[in-house]
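Analysis of the macromolecular model
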Amino acid sequence: MLAATGVVAAPKVSVGDYGVTAEGKAAHVYTLSNGHGVSAKILDYGGIISELNAPDRNGKVRNVVFGLSDLRTYEANGGLNSLIGRYANRIKDGFTIDGRHYDLPANPRGVTLHSGRPFYGGMVWDGQLVRAADRAGVTLSRVSPNGEQGFPGALHIRVTYTLNEANDLRLDYEATTDAPTIVNLTNHVYFNLAGNGCGDVYGQQLQLLADQYTPTDEDQIPTGELAPVAGTALDFRQLTPIGAHIRSSEQQMLYAKGYDHNFVLRKPAGDPVPLAARMYDPASGRVLEVRTTEPGVQVYSANHLNGTLVSANGTTLRQGDGLALETEHYPNSPNEPRFPSTALRPGETLRSSTIFHLTTDKNQSPGGRSPRACGARP
């Protein structure tokens, strides 16, 4: 984009105070913006993406991720739009690496979800500004000590959030360890392309570049099978309304009480960060494309929300009001030899990237007049 002087505009980043945690630690908010109306707010508390603002087809800007009102509310609702580790998703009965078994804190059925406490999303990370000619952002870092959450090895983690003029919010993860361990990092961000607090996403459309998924048992632990999505409620190979099969009585949908499934992404040769998912809101015209180096994406329809959580705009959040697209390795991978490995050893560096690209259709949705956008008058 050209500024009035004819100079190409560069993305910007600024930092401000965001209050003090209950433990007395100062938190900060990093605001990333470009010349196209796209901006993001990143908290060093949990690496939370508290806002991702994008214009619709008519230029109206809204926050398209879940957002809460303040630090105290985020503290009371850990994990919302935050970094997840040391192992995102589920593990059953701990894991074994290099012949040594490690038990993990788990529920009565032996399942560990998102590694338990302390939550990565409930910590203040160290922040460092990133400024470059083509991007701006922040690098968040911390050291997870040996034994934290039951995992071996001191893990040095860096997650860099940057925004460019192409409307890409990019997350680059790096990690190293001083002992053999397992790692699966993600950001548990929820999207609603109509806007935060604008009702459910069931009329919005989803496409996944995935022909297979990993079926689970009743504890939502993968069976080890890679099953085809064809002919199931999990078939999103073409743009499909998210709510089209949300109430399916298929066993996998009953186990999850909606969508909470890992999809096996296609990995075409020659594309370093291939397309994983596309989400589209016919009412606003907003389009989200998700690219990732990760082998899977966990699609979660916010099944736990029951109206007790209030969004930053004052509306209650309920099941289906957002869709999480968690780019990551498969659940329980350390215990499934067929799944891609999550092992990390001294001398190795984990590198992973995910890009959230925002655009619009610029036209009415197929089939005639678009549904009314959030906030629009009849």
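Right above here is the structure, for reference.
Residues numbered from 1 in each chain as written. Predicted model: local features only at pLDDT ≥ 70, side-chain atom pairs only at ≥ 80, totals over all residues. Heavy atoms only, no water.

1. Describing empty space enclosed by the protein
Inclusion rule: Here a cavity means grid points, on a 1 Å grid over the protein atoms only, where a 1.4 Å probe fits yet cannot get out; a pocket means an open set of points with protein on both sides within 12 Å along at least five of seven lines; lining residues are those with an atom within 4 Å of a point. Grid points are joined across faces, edges and corners, and a volume is the space filled by probe spheres set on the points. Helix and strand assignments come from DSSP, with helices taken as H or I runs of at least 4 residues and strands as E runs of at least 2, each series counted from the N terminus. Each residue receives one of three labels: charged for Asp, Glu, Lys and Arg, nonpolar for Ala, Val, Leu, Ile, Met, Phe, Trp, Tyr, Cys and Pro, and polar for the others, Gly being one of them.
Under the defined criterion, the tally for this structure stands at 1 cavity of 30 Å³ or more. Estimates place the volume of the largest cavity at around 50 Å³. Lining of the largest cavity is provided by Asn89, Arg90, Thr214, Thr216, Gln220, Asp260, His261, Asn262, Gln298 and Pro331. Broken down by element, the lining of the largest cavity gets its largest block of residues, 3 residues, from strand 22 (residues 260–265). Taken together, the residues of the lining of the largest cavity sort by class into 1 nonpolar, 7 polar and 2 charged.

2. Here we look at the sheet that holds strand 12 (residues 135–144)
Put simply, the rule reads: Here a strand pair is declared whenever DSSP counts at least two bridges between the two strands.
Across the sheet, 9 strands lie side by side as 11-12-13-14-30-24-23-18-21; this open sheet has antiparallel pairing. A strand with exactly one partner marks an edge of an open sheet, and here the two such strands are strand 11 (126–131) and strand 21 (240–241). In the sheet, strand 18 (residues 205–208) pairs with strand 23 (residues 275–280) via 4 bridges, with the strands oriented antiparallel. Pairing of glutamine 205 across the sheet is with tyrosine 280, part of strand 23.

3. Focus: the pattern of salt bridges
Any two side chains of opposite charge can pair if their charged atoms end up close together. What counts is decided by this rule: A pair is scored as a salt bridge if a Lys or Arg side-chain nitrogen falls within 4 Å of a carboxyl oxygen belonging to Asp or Glu. Exposure is judged per residue with a 1.4 Å probe applied to protein chains only, and the accessible area is read against the type maximum: over 50% gives exposed, under 20% gives buried, and values in between give partly exposed.
Under the counting rule described, the total for this entry stands at 13 salt bridges. For arginine 72, the salt bridge is made with glutamate 75, and the minimal N-O distance between the two is 2.6 Å. Here arginine 72 and its partner glutamate 75 are both found in helix 1 (residues 71–76), 3 residues apart, which amounts to about one turn of the helix. For the salt bridge of lysine 92 with aspartate 219, the shortest nitrogen-to-oxygen distance reads 3.9 Å. One end of the pair, lysine 92, is in strand 7 (residues 90–92); the other, aspartate 219, is in the loop between strand 19 (210–213) and strand 20 (227–228), and 127 residues separate them in sequence. Aspartate 219 sits in the buried class, given a relative accessible area of 15%. Counted as one network, the salt bridges with shared partners bring together Lys92, Arg109, Glu218 and Asp219.

4. A few points about the side chain of threonine 186
Quick note on the threshold: Whenever a nitrogen or oxygen atom comes within 3.5 Å of another N or O atom, the pair is scored as a polar contact, on the condition that within protein one atom can donate a hydrogen and the other can accept it, and that pairs from neighbouring residues in sequence are kept only if both atoms are in side chains. Every residue pair with non-hydrogen atoms within 4.5 Å of one another is taken to be in contact.
Structurally, threonine 186 is set in strand 16 (residues 186–187). In terms of polar contacts, threonine 186 uses its side chain to reach the backbone carbonyl oxygen of threonine 327, at 2.9 Å. Beyond its immediate stretch of four places on either side in the chain, threonine 186 contacts Ser82, Leu83, Ile84, Ala88, Tyr173, Glu326, Thr327 and Glu328.

5. Some words on the layout of surface pockets
Vacant regions in the atomic arrangement are exposed by a probe of water-molecule size rolled over the atoms. In this structure, the largest pocket encloses a volume near 780 Å³. Lining the largest pocket we find 32 residues, and of these Gly78, Gly79, Leu113, His114 and His304 sit closest to its centre. Of all the secondary-structure elements, those providing two or more residues to the lining of the largest pocket are helix 1, strand 25 (296–300) and strand 26 (306–310). With 3 residues, strand 26 is the single largest residue contributor to the lining of the largest pocket. Considered class by class, the residues forming the lining of the largest pocket number 13 nonpolar, 13 polar and 6 charged.

6. Notes on unusual backbone geometry
A cis amide bond links glycine 85 with the next residue in sequence, arginine 86, at an omega value of 5°. Between arginine 117 and the following residue, proline 118, the backbone shows a cis peptide bond with an omega angle of -5°. Tracing the sequence through the fold places proline 118 in the loop between strand 10 (111–113) and strand 11. If you check the backbone angles, histidine 114 has positive phi at about 55° while not being a glycine. Here histidine 114 is to be found in the loop between strand 10 and strand 11. Judged by its relative accessible area of 16%, histidine 114 is buried. Phi is positive for alanine 302, close to 55°, though the residue is something other than glycine. In this structure, alanine 302 sits in the loop between strand 25 and strand 26. Under the relative-accessibility criterion, alanine 302 is labelled buried at 0%.

7. What about the pairing of strand 28 (residues 323–328)?
Burial analysis of strand 28 places 6 of its 6 residues in the buried class, the great majority of the element. By the alternation rule, side chains of strand 28 split into Leu323, Leu325 and Thr327 and Ala324, Glu326 and Glu328, which are all buried. By the bridge criterion, 2 bridges tie strand 17 (residues 190–191) to strand 28 in an arrangement that is antiparallel. Each bridged residue has a counterpart across the sheet, and for tyrosine 190 the counterpart in strand 28 is alanine 324. Here 5 bridges tie strand 25 to strand 28, and the two strands are oriented antiparallel to one another.

8. Comments concerning the sheet that holds strand 1 (residues 12–20)
What counts here: For helices, the axis comes from a line fit to the C-alpha atoms of the stretch in contact; other axes are also lines fit to C-alpha atoms, and the angle between any two N-to-C directions lies between 0 and 180 degrees.
With antiparallel pairing, the 5 strands of this open sheet are ordered in space as 1-2-3-4-5. The two strands at the open ends of the sheet, each matched to only one other strand, are strand 1 and strand 5 (61–63). Looking at each pair of strands side by side, their axes are set apart by 15° on average, direction ignored. As paired strands, strand 3 (residues 39–43) and strand 4 (residues 49–55) are joined by 4 bridges and run antiparallel to one another. From the neighbouring strand, isoleucine 42 faces strand 4, where its bridge partner is isoleucine 49.

9. Here's the deal with the side chain of threonine 354
Looking at where threonine 354 falls in the secondary structure, it is placed in strand 30 (residues 350–360). Apart from residues lying up to four places away in sequence, threonine 354 is in contact with Leu169, Arg170, Leu171, Val290, Arg291, Thr292 and Thr327.

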